Structures are given as C-alpha cells and as structure tokens.
Amino acid sequence: MRRALSTFLRSTPVRATLRTTPAITLPFMGSSPSSTMSYPHQKSESEWRAVLSPEQFRILREKGTERPGTGEYDKKMDPGVYTCAGCDAPLYKSTTKFSSGCGWPAFFEGIEGAIVRHEDNAWGMRRTEIVCANCGGHLGHVFKGEGYKTPTDERHCVNSVSLKFKDESAGGEE
C-alpha cells in the first residue's frame, strides 16, 4: 500500500500540496471535526493531562475506547445524572439509560444541548461520534435503527471512563 501511495503522490499535481499540509487526513483513516472545533471549556493538553487519569485522557482527548464490559457504569441503573468526566457538564439522565448488552453504557438520548454529533469515518467505516458540547471530550458513538424499544430508536454507546455519576438519592454525589 505504501508503494501505491508513493506512486500516486509522484504522479499527481497535488503532490506539493500534500507535502506542505500539516495535517493530512487519508479518506480510509478518517478524522473528526471535534478535534478542531472550539468548545466553551478549554484547556491545553498539559492542563488536561494534569486533571485526567491516563485512561481518561486517552479516551476523552485522544478518542480511545475502553474494553467492552469493563466500565463501571455499564450495568448501573440507579437514579441520577451522568456528567462529563472532563468538565462535569450534565450529559445524560438515568431515565434515558437502558440495557443494550453491548458492553458499554447505553442511553437513548442526551440532555438537550449537552452533546454534539460529528461524522466519524475512522477505521474505514461511517459512524456518528458524540462529544461533550462543553469541552469536546469524546464520549463514544451513536447508532440508529438497531431495533431497541426506545423512544428514539438510538443507542448512545458511551465509554464509562468519559462519565461521572451524580446519585440522585445522595444529593448529587457519586
């Protein structure tokens, strides 16, 4: 594949443009505009590293994914609110959480205005990435039309590491 790309670059007039472009997105690798958008709650990379665990940084800031079935909130069904682990913005009410069996917490909708969607073409597939509208932290992906009996027919597949839980019965504490 490297040889084919090299041959292509040598044989096309866009060669100079590609060499001088600082961030190249190859169509099969994908990219998300969330990394270039501006969000109200901003920090530098070093500031994020100082307040997030290495795993939180990998997922929230570098768009990683936790292993299925390992997250602390996958099976949690207590009443409360799920907030962003990066900035504490409210994202999901527990009343929108459902058991999907996918290995990650699943919600059928977020709190209005709390989540931003972006097309994600990474890994050669088309998905919809969801990020916190306040800090741009990567939450996971949303899938439609899977047949779950929810009001929206959507599954927000969210990394537990991207969330904190505020227990309603404990006055908002985790």
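Since this is a predicted model, take the numbers as computed values, not measurements.

Asker: Can you lay out the pattern of salt bridges for me, pointing to particular residues and giving the numbers?
Answerer: Here the structure, examined in full by the defined rule, presents 12 salt bridges. With its nearest N and O atoms 3.1 Å apart, the salt bridge here joins R49 to E45. Of this pair, R49 and E45 both sit in helix α3 (residues 45–51), 4 residues apart, roughly one helical turn. For the salt bridge of D74 with K75, the shortest nitrogen-to-oxygen distance reads 3.4 Å. If you follow the salt bridges from partner to partner, you end up with E45, R49 and E62 in one network.

Asker: With reference to specific residues and values, describe the nonpolar core.
Answerer: Core analysis: the biggest nonpolar cluster contains 23 residues, and L91, Y92 and L163 have the highest contact counts within it. Only α4 (54–61), β1 (80–84), β2 (90–93), β6 (127–132), β7 (138–144) and β9 (163–167) provide two or more residues apiece to this core. The residues touching Y92, leaving out its near neighbours within four places in the chain, are G80, V81, Y82, F107, E109, G110, I111, I115, I130, H156, V158 and L163.

Asker: Describe in detail the packing of aromatic side chains, supporting the description with residues and values.
Answerer: What the rule picks out here adds up to 6 aromatic pairs. Judged by centre distance (5.6 Å) and plane angle (80°), the rings of Y73 and Y82 are edge-to-face. Exposure class is identical for Y73 and Y82. Each is buried. Each residue in the set Y73, Y82, Y92, F107 and F165 is aromatic and connected to the rest through ring pairs, giving one cluster. The cationic tip of K43 hangs over the ring face of W48; the distance from NZ or CZ to the ring centre is 5.7 Å. The aromatic ring of F57 is capped on one face by R49, whose charged end is 3.9 Å from the ring centroid.

Reading the values: rules and limits
Residues numbered from 1 in each chain as written. Predicted model: local features only at pLDDT ≥ 70, side-chain atom pairs only at ≥ 80, totals over all residues. Heavy atoms only, no water. Salt bridge = Lys/Arg side-chain N within 4 Å of Asp/Glu carboxyl O. Helix = DSSP H or I, 4+ residues; strand = E, 2+ residues; numbered from the N terminus. Core = buried A, V, L, I, M, F, W, Y, C linked by side-chain atoms within 4.5 Å. Buried < 20%, exposed > 50% of the residue type's maximum accessible area, 1.4 Å probe, protein only. Contact = heavy atoms within 4.5 Å. Phe/Tyr/Trp six-rings, centres within 6.5 Å; stacked < 30°, edge-to-face > 60°. Lys NZ or Arg CZ within 6 Å of the ring centre and 35° of its normal.

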